[in-house]
Amino acid sequence: MTDIQGLINSLRPDELAELQERGPSQVLEPDMLDAIDRAAGGPGEGRGYYIVRGSLEPLERRQYYLRDDVAAAIFAPSTLEGAAGADA
């Protein structure tokens with residue numbers, strides 16, 4: 001079971017800001033996958049928060065995206081305000 005708010009709270013402010021800067025339908029780069037995994041509890045633990053769209057093979061060409069409900073929470077007005085306030 002995923003804890004979306006817990007994940008958001010566990011992301012560093014710079015990581016959350018980078019996710020928000022890239023937009024809700026971004027392809028997650030390896031650094032963002034690592035950040036989500038770390039925030040979820042360790043290597044591979046973030047798999048419930050992102051999904052593969054398109055082909056699963058070959059492995060090195062997989063494209064990972066935020067799950068729709070995770071993206072909605074990250075881009076909710078209250079989360080955006082909190083991220084903006086973190087830099088102040």
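Residues numbered from 1 in each chain as written. Predicted model: local features only at pLDDT ≥ 70, side-chain atom pairs only at ≥ 80, totals over all residues. Heavy atoms only, no water.

Student: Looking at this model, I keep getting lost on the nonpolar core. Mind explaining?
Tutor: In terms of nonpolar packing, the biggest core is built from 21 residues, with Leu19, Leu28, Ile36, Leu66, Val70 and Ile74 touching the most fellow members. When residues of this core are traced back to their parent elements, those giving at least two are helix 1 (4–10), helix 2 (13–22), helix 3 (30–40), strand 2 (64–66) and helix 4 (68–74). Ignoring any residue separated from it by four or fewer positions in sequence, one finds Val70 in contact with Ile4, Leu7 and Tyr49. (Core = buried A, V, L, I, M, F, W, Y, C linked by side-chain atoms within 4.5 Å. Buried < 20%, exposed > 50% of the residue type's maximum accessible area, 1.4 Å probe, protein only. Helix = DSSP H or I, 4+ residues; strand = E, 2+ residues; numbered from the N terminus. Contact = heavy atoms within 4.5 Å.)

Student: Just checking my understanding: could you explain unusual backbone geometry for this structure?
Tutor: When glycine is set aside, most residues are seen to have a negative phi, and most peptide bonds are trans. Put simply, Glu57 and Pro58 share a cis peptide bond, and its omega is -5°. Inspection of the secondary structure puts Pro58 in the loop between strand 1 (50–52) and strand 2.

Student: Is there a simple way to explain the side chain of Glu15 in this structure?
Tutor: Relative to the helices and strands, Glu15 resides in helix 2. Within polar-contact distance, the side chain of Glu15 engages the backbone nitrogen of Arg12 at 2.9 Å. Beyond its immediate chain neighbours, meaning those up to four positions away, Glu15 contacts Met32, Ala35 and Arg38. (Polar contact = N/O pair within 3.5 Å; in protein donor to acceptor, adjacent residues only side chain to side chain.)

Geometric values such as these leave the question of function open.
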